[in-house]
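# Observations on the model geometry
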Amino acid sequence: MDKCLFLDRDGIVNHDVGYAGRPADFHFMPGIFALCRQAQQLGYRLVIVTNQSGIARGYYSEQDFAALCDWVAGRFAEHGITLDATYHCPHHPDISGPCDCRKPAPGMLLAAIRDLDIDPALSIMIGDKPSDMQAARAAGIGQRLLLSEKSTTDAPATAIIAGIDQAADYLS
């Protein structure tokens with residue numbers, strides 16, 4: 001089984017501008033490529049897990065989202081990094097009803113664990129919302145890093161980090 005660095009998308013991989021559905025809306029976070037390159041060199045698989053209610057809301061389509069994912073993977077490849085997968089939840093409970101994939105539910109993480117033969121106990125999740133940490137805990141992810149400028153007790157994080165660069169301290 002492999003270890004994995006799970007990344008929330010909006011707020012971790014890119015600045016959260018609200019419903020980024022095309023490359024023009026996508027601005028990478030400082031340090032994300034260096035972190036992912038280091039993780040990959042240490043044997044981590046790289047997986048993005050992202051709630052995308054913009055699909056349910058009709059802001060962009062599944063095809064638009066797939067094209068953006070291809071574009072993102074291409075930018076990572078330009079930095080010598082391979083993204084193993086992107087898992088997304090296209091639902092919104094008020095529009096499409098409840099689902100098992102929208103964080104804080106662990107469905108996307110569990111699917112990646114199953115599909116990619118990942119050991120969750122050896123893996124790390126980096127997110128910027130309590131729902132990211134809740135999903136990671138429910139999936140059995142060993143390290144849960146919450147990117148936040150303030151300490152919080154409402155997220156089951158194993159550590160609070162102030163910047164992407166601090167996440168490198170948790171890679172092993």
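Positions within a chain are numbered from 1, following the residues in the order the chain's sequence is written. Predicted model: local features are reported for residues with pLDDT of at least 70 only, side-chain atom pairs are reported and counted for 80 or more only, and whole-chain, interface and lining totals are derived from all residues. Note that water and hydrogens are dropped before the side-chain values are worked out from all heavy atoms of the structure.

All right, on to the nonpolar core then. Only buried residues count toward a nonpolar core. Its members are Ala, Val, Leu, Ile, Met, Phe, Trp, Tyr and Cys residues joined through side-chain atoms within 4.5 Å. Buried means the residue's accessible area, taken with a 1.4 Å probe over protein chains only, is under 20% of the maximum for its type, while exposed means over 50%, and partly exposed covers the values in between. Formed by 30 residues in total, the largest nonpolar core has its most connected members in L5, L7, F28, I32, V72, F76 and I126. Here a strand is any run of E in DSSP of at least two residues, a helix any run of H or I of at least four, and the numbering for each starts at the N terminus. Going through the elements one at a time, strand 1 (3-8), helix 1 (32-41), strand 2 (44-51), helix 3 (62-78), strand 4 (124-127), strand 5 (143-147) and strand 6 (159-161) are the ones with two or more residues in this core. In terms of residue count, helix 1 provides more of this core than any other element does, five residues in total. Any two residues whose heavy atoms approach within 4.5 Å at even a single point are treated as in contact. Filtering out sequence-adjacent residues up to four positions away, I126 remains in contact with L5, F6, L7, D8, I12, L35, M133, L145, I161 and A167. The next biggest cluster of nonpolar side chains, apart from the first, holds 23 residues, and it includes C101, I113, A136 and L146.

Within helix 6 (residues 130-138), burial applies to S131, D132, M133, A135 and A136. On its buried face, helix 6 sits against strand 1, helix 5 (107-116), strand 4 and strand 5.

Of the grid points, spaced at 1 Å and generated over the protein atoms alone, those admitting a 1.4 Å probe that cannot get out make up cavities, while open sets with protein on both sides within 12 Å along at least five of seven lines make up pockets; any residue with an atom within 4 Å of a point is treated as lining. Grid points are joined across faces, edges and corners, and a volume is the space filled by probe spheres set on the points. Under the definition given, this model contains one cavity of 30 Å³ or more. Lining the largest cavity are R9, I48, C69, V72 and T86. Amino acid classes used here: Ala, Val, Leu, Ile, Met, Phe, Trp, Tyr, Cys and Pro are nonpolar; Asp, Glu, Lys and Arg are charged; the rest, including Gly, are polar. For the lining of the largest cavity, a count of residues per class yields three nonpolar, one polar and one charged.

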